[in-house]
Amino acid sequence: MTTIHLADWLNARIDRAREEPVYRQLLEAMQQAILTGQLASGAKLPSSRMLAADISVARNTVLHVYEQLTAEGYVTSTTGSGTYVADTAPNDRAAVRKPQEPADETPRKPCLISKRGARLIAHAGVAPKQWGAFMPGVPDVAEFPSRTWSRLQSRLWKRASPDLLTYAPGGGYRPLRRALSDYLRVARSVKCTPDQIIITTGIHQSIDLAVRLLTDSGDRAWVEEPCYWGVRSVLQASGLTLVPVPVDEEGLNPSARDMAAPPRIALVTPSHQYPLGMVMSLARRRALLEFARQHGVWIIEDDYDSEFRYRSRPLSSLQGLDDAGQVIYVGSLGKMMFPGLRMGYMVVPENLVDTFRTGVAELYREGQLMQQAVMTEFILDGHLTSHVRRMRGLYDERRQLLIDAIGAHFGETLAVRGDEAGLHFVLELPGNASDRAITDDALASGVVTRPLTHYYMNQEDARRGLMLGYACVPNAEIAPAFAKLAGVIERALSAVEAGS
Ligand SMILES: Cc1ncc(COP(=O)(O)O)c(C=O)c1O
């Protein structure tokens, strides 16, 4: 491009009516000219005086642009000899072919994501909508005492000490760990000291950390069949080989074949099996602990929602029965508080405390100490207990309203299971109904559910059903929302009957 052409080219690109300063427009236009090869490497740029006159800008503007181009490596300038376009084009020699490789006419596209990445995305379960009837696993965040939280927060921020504004030392804010260990000892019979508590961003992160520290890629991991898809994703992404182990009315029920090949790690939800809702019996708990002790299996106990139990007191935690230090207990504050808080905890055996404290700091560079300090005050002032108590009453009412609505539409024909605890239950469907098609149709009419089959690894054994979350649905909306869903279910069931 000659000087005159360069000036024309730049003039066509500089628009003085635009808000963007002329300096920036000129800089970007010159960068583009170099990157696209319009200004070839080695070409001499016009003097700043000449270019300024040709495109009618101040000479200083051009000087600044040349300086910036030099600083960013687009041009090189030598005093007295002028400014030249630098040679920055990618070198063909960079793509050196090994001699034995045949010349390939069509350049091979690199695979964008890894195999495990592709598997994760293909089986992803995260829903686009995280709120409304009947989204499972979500508490009523509109009921959260945000004014109390905001008052505690502003009080703490007024005297924010520097050590609360930096990275968290391994394990998290000590007073919160103390408050949680007191709470877990009393409420869940967890045997622990504050040192054994590690604060995380929730159960997902706790499991990720445990898996990274305790397993190697290719190790076997037992998961309940069915189980929470999020946990499955975390394990799969770590390269573990997942072994689905069936559950029955007493919880995890491994076959002799399963037991013959002990896993490195086993993930269980003993208090309220996710998603079906049964409680693991004491006999099964003891059998699992003994098996773990004999074969050096790590057990991860996911106690995600045991605070919301409606008819009976929860059984003590599995961790509380463990004398061999094989259980890692994980819990979340997301269901008691609000999911967006992203705060959870894990209780690790004493001999692993240092490993986990170092691991959490090394991998995730934890922080959020101010948030943890606010959480501590919230617990110590009694707000957590009273909020959970109030929510338990409210969710129990909603649970009953939804059961009534189901009864009004379907009588005894469709059973509800797992409604003793938690924020959801399962509405069972006949084996020939497609819970996935019903879920899609329900979403089109504005109602969220989750197909039970989605939680199974082996589809042949999957029971059909819909996961219905009631906690985040205002009382008055439950019956009308279920009427919509019932319409979808009725149409699907009559289509199945007509076809059979
Ligand atoms: C069984 C189970 N574990 C863990 C979680 C997620 O916990 P967190 O939000 O603390 O990562 C959920 C969420 O619904 C769950 O159902």
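Procedures and definitions
- Residues numbered from 1 in each chain as written.
- Predicted model: local features only at pLDDT ≥ 70, side-chain atom pairs only at ≥ 80, totals over all residues.
- Heavy atoms only, no water.
- Helix = DSSP H or I, 4+ residues; strand = E, 2+ residues; numbered from the N terminus.
- Rg over C-alpha atoms; globule rule 2.2 N^0.38 Å.
- Buried < 20%, exposed > 50% of the residue type's maximum accessible area, 1.4 Å probe, protein only.
- Contact = heavy atoms within 4.5 Å.
- Lys, Arg positive; Asp, Glu negative; His and termini not counted.
- Charge placed at Lys NZ, Arg CZ, Asp CG, Glu CD.
- Near = heavy atom within 4 Å.
- Polar contact = N/O pair within 3.5 Å; in protein donor to acceptor, adjacent residues only side chain to side chain.
- Areas by Shrake-Rupley, 256 points an atom, 1.4 Å probe, with all protein chains shown as cover.
- 1 Å grid on protein atoms, 1.4 Å probe; cavity = no way out; pocket = protein on both sides within 12 Å on 5 of 7 lines; lining within 4 Å.
- Sits in = over half its atoms within 2 Å of the grid points.
- Nonpolar A, V, L, I, M, F, W, Y, C, P; charged D, E, K, R; others polar.
- Pairing = 2+ DSSP bridges.
- Axes fitted to C-alpha atoms, helices over the stretch in contact; angles between N-to-C directions.
- Expected span 1.5 Å × (residues − 1).
- Arc of directions from axis to C-beta.
- Phe/Tyr/Trp six-rings, centres within 6.5 Å; stacked < 30°, edge-to-face > 60°.
- Lys NZ or Arg CZ within 6 Å of the ring centre and 35° of its normal.
- UniProt positions renumbered as here; feature names shortened; annotations may be inferred.
- Points joined across faces, edges and corners; volume = space filled by probe spheres on them.

## Examining the overall build of the protein
Line of reasoning, step 1. Broken down by element type, the protein carries 16 helices and 14 strands.
Line of reasoning, step 2. Taken over the C-alpha trace, the protein has a radius of gyration of 31 Å; the compact-globule value for 500 residues is 23 Å, which it surpasses by more than 25%.
Line of reasoning, step 3. Considering only C-alpha atoms, the protein reaches an extent of 90 × 65 × 60 Å along its principal axes.
Line of reasoning, step 4. Put simply, the protein has 500 residues, and 48% of those count as buried.
Line of reasoning, step 5. When contacts within the protein are restricted to residue pairs at least 6 apart in sequence, long-range pairs at least 24 apart make up 73% of them.
Line of reasoning, step 6. The protein carries 55 positive and 56 negative side-chain charges, and their two centres are separated by 4 Å.

## Focus: the site of the ligand
Line of reasoning, step 1. In the vicinity of the ligand, the residues found are Gly 202, Ile 203, His 204, Tyr 228, Tyr 274, Asp 302, Tyr 304, Ser 332, Lys 335 and Arg 342.
Line of reasoning, step 2. Between the ligand and Asp 302 there is a distance of 2.6 Å, counted from a nitrogen atom to a side-chain nitrogen or oxygen.
Line of reasoning, step 3. The contact in question runs from an oxygen atom of the ligand to an N or O atom on the side chain of Arg 342, over 2.8 Å.
Line of reasoning, step 4. Protein chains shield 91% of the accessible area of the ligand, which is 400 Å² for the free molecule.
Line of reasoning, step 5. When each cavity is represented as a set of grid points, the ligand is found to reside in the largest pocket.
Line of reasoning, step 6. Residues that form the shell around the ligand fall into these classes: four nonpolar, three polar and three charged.

## Quick word on the sheet that holds strand β6 (residues 251-252)
Line of reasoning, step 1. Taken in spatial order, the eight strands of this open sheet run β3-β10-β9-β8-β7-β4-β5-β6, and their pairing is mixed. If you trace the sheet from one side to the other, it starts and ends with β3 (197-200) and β6, each paired once.
Line of reasoning, step 2. Inspection of the sheet shows strand β4 (residues 220-225) paired to strand β5 (residues 241-248) by six bridges, in the parallel sense. Each residue of the ladder has a partner; that of Val 223, found in β5, is Pro 244.
Line of reasoning, step 3. Where helix α9 (residues 229-237) meets the sheet, it contacts β4, β5, β7 (265-268) and β8 (298-302), and its direction lies at approximately 155 degrees from that of β5.

## Focus: helix α6 (residues 146-158)
The periodicity of an α-helix, 3.6 residues per turn, causes residues three or four places apart in sequence to face the same way.
Line of reasoning, step 1. Under the 1.5 Å per step criterion, the end-to-end length of α6 is 18 Å for 13 residues, consistent within 8% with the ideal 18 Å.
Line of reasoning, step 2. All buried positions along α6 are accounted for by Thr 148, Trp 149, Leu 152 and Leu 156. Projected down its long axis, α6 shows its buried positions confined to an angular sector of 100 degrees, all on one face. Seen from the open side of α6, the exposed residues pointing more than 90 degrees away from its buried face are Arg 147 and Lys 158.
Line of reasoning, step 3. Those residues of α6 that are buried are in contact with α13 (369-380) and α14 (383-410).

## A closer look at the sheet that holds strand β11 (residues 416-417)
Line of reasoning, step 1. Read from one edge of the open sheet, four strands run β11-β12-β14-β13, paired in antiparallel fashion. Each having just a single partner strand, β11 and β13 (450-451) make up the two edges of the open sheet.
Line of reasoning, step 2. Across two bridges, the pairing between β13 and strand β14 (residues 465-469) is antiparallel. Paired with Arg 450 across the bridge in β14 is Met 467.

## Some remarks on the environment of Val 186
Line of reasoning, step 1. Looking at where Val 186 falls in the secondary structure, it is placed in helix α7 (residues 174-188).
Line of reasoning, step 2. For Val 186, a relative accessible area of 69% corresponds to the exposed category.
Line of reasoning, step 3. A sequence separation of 155 residues divides Val 186 from Leu 341, and the C-alpha atoms of the two residues are 24 Å apart.

## A few points about the environment of Arg 390
Line of reasoning, step 1. The topology assignment puts Arg 390 in helix α14.
Line of reasoning, step 2. Along the chain, Arg 390 and Val 85 lie 305 residues apart, while their C-alpha atoms are 71 Å from each other.
Line of reasoning, step 3. Side-chain polar atoms of Arg 390 contact the backbone oxygen of Glu 143, separated by 3.1 Å.

## Topic: the packing of aromatic side chains
Line of reasoning, step 1. Under the counting rule described, the total for this entry stands at 14 aromatic pairs.
Line of reasoning, step 2. Centre to centre, the rings of Tyr 274 and Tyr 304 are 5.2 Å apart; their planes meet at 85 degrees, and the pair counts as edge-to-face. Here Tyr 304 lies in the loop between β8 and β9 (327-332) and Tyr 274 lies in the loop between β7 and α11 (282-295), a separation of 30 residues in the sequence.
Line of reasoning, step 3. Tyr 274 sits in the buried class, given a relative accessible area of 10%.
Line of reasoning, step 4. Among the aromatic residues, those joined into a cluster by ring pairs are Tyr 228, Trp 229, Tyr 274, Tyr 304 and Tyr 455.
Line of reasoning, step 5. One residue, Arg 13, lies across the ring of Trp 9, its end atom 3.7 Å from the ring centre.
Line of reasoning, step 6. Over the ring of Tyr 167 we find Arg 365, and its NZ or CZ is 3.8 Å from the ring centre.

## Looking at the UniProt feature "domain: HTH gntR-type" (unreviewed entry) in the protein
Line of reasoning, step 1. Within the UniProt annotation, "domain: HTH gntR-type" (unreviewed entry) is assigned to residues 20-88.
Line of reasoning, step 2. Along residues 20-88 one finds 51% helix and 12% strand; the C-alpha atoms at either end are 27 Å apart.

## A word on the layout of surface pockets
Line of reasoning, step 1. The computed volume of the largest pocket comes to approximately 730 Å³.
Line of reasoning, step 2. If you trace the largest pocket, you find 29 residues lining it, with His 204, Tyr 228, Trp 229, Lys 335 and Arg 342 closest to the centre.
Line of reasoning, step 3. The set of elements that each furnish at least two residues to the lining of the largest pocket consists of α8 (203-214) and α9.
Line of reasoning, step 4. It is α9 that contributes the most residues to the lining of the largest pocket, six residues altogether.
Line of reasoning, step 5. Computed from the structure, the second largest pocket encloses a volume of approximately 450 Å³.
Line of reasoning, step 6. Forming the boundary of the second largest pocket are 20 residues, of which Tyr 183, Ala 187, Glu 307, Val 388 and Arg 392 lie nearest the centre.
Line of reasoning, step 7. For the lining of the second largest pocket, the elements supplying multiple residues, two or more each, are α7 and α14.
Line of reasoning, step 8. Each residue belonging to the lining of the second largest pocket can be placed in one class, and the counts come to 10 nonpolar, three polar and seven charged.

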